[in-house]
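Topology and contacts: notes
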Number of protein chains: 2
Amino acid sequence: MIAVDWGTSSARAYRLGPDGTVAERREGAGGILHVPPGGFPAALDDMVGDWLRAGEARVLLSGMVGSRQGWREAPYLPCPVGLDALAAGVIALPFEGAAQVRLVPGLSAADASGVPEVMRGEEVQVFGALRETGGDAWLCLPGSHAKWVAVRAGRIAGFSTSLTGEAFAALSAHTILARMIEGRPEPGPAFDAGVARSGEPGGLLHHLFGARALGLFGRLAAGDGASYLSGLLIGHDVRENRPDGDAPVDLVGAGPLMTLYARAIARCGGRARLCDADAAARGLALIGERLAWT
Amino acid sequence: MIAVDWGTSSARAYRLGPDGTVAERREGAGGILHVPPGGFPAALDDMVGDWLRAGEARVLLSGMVGSRQGWREAPYLPCPVGLDALAAGVIALPFEGAAQVRLVPGLSAADASGVPEVMRGEEVQVFGALRETGGDAWLCLPGSHAKWVAVRAGRIAGFSTSLTGEAFAALSAHTILARMIEGRPEPGPAFDAGVARSGEPGGLLHHLFGARALGLFGRLAAGDGASYLSGLLIGHDVRENRPDGDAPVDLVGAGPLMTLYARAIARCGGRARLCDADAAARGLALIGERLAWT
């Protein structure tokens, strides 16, 4: 089977062996924003056409490729949702040639106040990252839109999204804080200072101005601004959304954000564990096993 | 006396009568960002040269004109600071011709966690806005950097700044929320919904994503996005920083933000009162009275 985690800005394709393990992997040409209208079959062929011609006949897609801006809009299944229900919601896409192309739906939920929540693609990563079947877990998927996911008895019970990554990008580039931003956030004392600050009184908007004031008084070096701001925002996200008690948080994803979230969770009194970076491939394999391919 | 409230992006000049009342007012050519290095005497002459030639010999400046990027850097006086101490900290600026040009210093403070706070210009507006001499008051000066000021026994005891206005500008233009922003924030049901949301669990970063999700599900019209986001941010600012109990908040400033803050304070259970929009002129008059002009 070919598994593709096809997001807004990037795509990852995996060729899976019969047991679901990753035989080969590649980065695709780009996310759905790079695909012209009607261009998804051609983009898929560009990405994995050689694998198809080598005999792979099953293709399973997940992510924003199933959004209104993607190949076709797939429904959102309301939580709670388990693996079987997610597989039952998979839809078929038209594709010229012998391959069967299928698309995983997204999930919807509501937060404690009834405000809607949505995800597309993360649900597959979550099922791929679970350490046990049928159990409880807390997961966090850092990113532009960071997701905190509660799993109960093997099903995704609900989730909460924070605009943490996008807020970092907008605030670091388009406010007075831009003057003190150099380079990228690093795990270290400045990041830790930002995380600690996130637990002090006054709220995030006050803490953002405080970063400027610390810089003005020489108490925060320009080279430390990005790390401090990252720690401040991730710290607020973690304090508001990490599970109560001592349940570990399984971090899903790849790249430097994983280290930063793990550090922030630990400094806020929690425990974080890093998951396999190929969680999407494993999740798609688990769903693919449940489909009636013709 | 000529009083000039000279900020980063704009300048307001007042010609005051002998009793301190405003005889004439004008907007200057622009804030300090528009003045080239060494160009402040000429910029002042452009702004009020005709008043000087008509016999005014005393000029008192406040605001960011006293910052490192301004005419000359004036010190920050540490809080608490009363009117007499502020007047004692005024410095003289060199100016060709008969006029005496003086500059009001800024104030510094520390928040409850020891993080520094600074203001330049707002201290003059606060003293100009006070309804009684020697008493206690809470004031709020909405803006890009919103200030909450505590006055005790007639002195500015401390203050707290929030990056509320700049955060609104950056988030509304440079995140996924930009798709649902049309026009300017208006006081109305969408603003109120944002204020109410600011009191729900999950924190600001989660609430920001929720605005997007509400739009996606058709529960927030595109025309309401700016008002909702403004209510959300101002609501967070108000909840974190308004005084406890039922002390009224005196709002200082001008323009649409005053109405929005008054509304948010009321909806968060507080009381707001609008102050005279010429608070800066009155404050500069009160300081000018205390100076030994030659």
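Residues numbered from 1 in each chain as written. Chains lettered and ligands numbered in written order. Predicted model: local features only at pLDDT ≥ 70, side-chain atom pairs only at ≥ 80, totals over all residues. Heavy atoms only, no water.

**Let's talk about the sheet that holds strand β5 (residues 76-78) of chain A**
Using the following cut-off: In short, DSSP must find at least two bridges between two strands for them to pair. A run of H or I in DSSP becomes a helix once it reaches four residues, and a run of E becomes a strand once it reaches two; helices and strands are each numbered from the N terminus. Axis definition: a line fit to C-alpha positions, over the contact stretch in the case of helices; interaxial angles, taken between N-to-C directions, run 0 to 180 degrees. Whether two residues are in contact is decided by their heavy atoms: any pair within 4.5 Å suffices.
Strand order across the open sheet formed by three strands is β5-β8-β9 (chain A), with mixed pairing between neighbours. Whereas interior strands pair on both sides, the edge strands pair on one side only; in this sheet they are β5 and β9 (116-119) of chain A. The mean angle between the axes of side-by-side strands here comes to 30 degrees, regardless of whether they run parallel or antiparallel. In terms of strand pairing, strand β8 (residues 106-110) of chain A meets β9(A) through four bridges, oriented antiparallel. Counterpart to A:S108 in the pairing with β9(A) is A:V118. Across the sheet, helix α6 (residues 203-216) of chain B lies against β5 and β9 of chain A, angled at about 85 degrees from β9(A), the strand it touches most.

**With respect to the pairing of β9(A)**
Counted only if it meets this: Relative accessible area decides the class of each residue, using a 1.4 Å probe on protein chains only: under 20% of the type maximum gives buried, over 50% gives exposed, and in between gives partly exposed.
Residue alternation in β9(A) divides its side chains into two sets, A:P116 and A:V118 and A:E117 and A:M119, and both sets are buried. Hairpin connection, β8(A) to β9(A): the antiparallel pair is bridged by five residues, and A:G114 has positive phi, about 85 degrees.

**Observations regarding the domain arrangement of chain A**
Cut-off, in case you're wondering: Bear in mind that the domain bounds are from an automatic or database domain assignment.
Taken domain by domain, chain A consists of domain 1 (2-132 + 280-289) and domain 2 (164-274). Computed over C-alpha atoms only, the centres of domain 1 of chain A and domain 2 of chain A are separated by 31 Å.

**As for the packing of helix α5 (residues 189-197) of chain A against helix α8 (residues 256-267) of chain A**
All names here are of chain A. The following threshold applies: Throughout this description, any angle smaller than 35 degrees is read as roughly parallel, any larger than 145 degrees as roughly antiparallel, any in the 65 to 115 degree range as roughly perpendicular, and the remainder as oblique. Crossings are sorted by hand: turned counterclockwise from the far helix by less than a right angle, the near helix makes the crossing left-handed, and turned clockwise it makes it right-handed. The residue classification treats Ala, Val, Leu, Ile, Met, Phe, Trp, Tyr, Cys and Pro as nonpolar and Asp, Glu, Lys and Arg as charged. All others, Gly included, are polar.
At their nearest, the axes of α5 and α8 sit 10 Å apart, and the two run at 50 degrees to each other. If you check the angle between α5 and α8, you find them oblique. Along this stretch, α5 crosses α8, giving a crossing that reads as right-handed. Here α5 contributes P189, F191, D192 and V195 to the contact with α8, which in turn contributes L260, R263, A264 and R267. Its residues assigned to classes, the contact of α5 with α8 comprises five nonpolar, no polar and three charged.

**Topic: the pairing of strand β7 (residues 100-103) of chain A**
Residues and elements named next belong to chain A. Neither face of β7 is left uncovered, since the one carrying Q100 and R102 and the one carrying V101 and L103 both have all their residues buried. Bridging between strand β4 (residues 58-62) and β7 involves four bridges; their strand directions are parallel. The residue of β7 that forms the bridge with R58 is Q100. Pairing of strand β6 (residues 91-93) with β7 involves three bridges; the strand directions are antiparallel.

**Regarding the state of the cysteines**
Cut-off, in case you're wondering: Two cysteine sulfurs form a disulfide in these notes if their separation is within 2.5 Å.
Taken as a whole and judged by the stated rule, the model has zero disulfides over all chains. Counting only cysteine sulfurs, A:C140 is the nearest neighbor of A:C275, a cysteine outside any disulfide, at a range of 10 Å.

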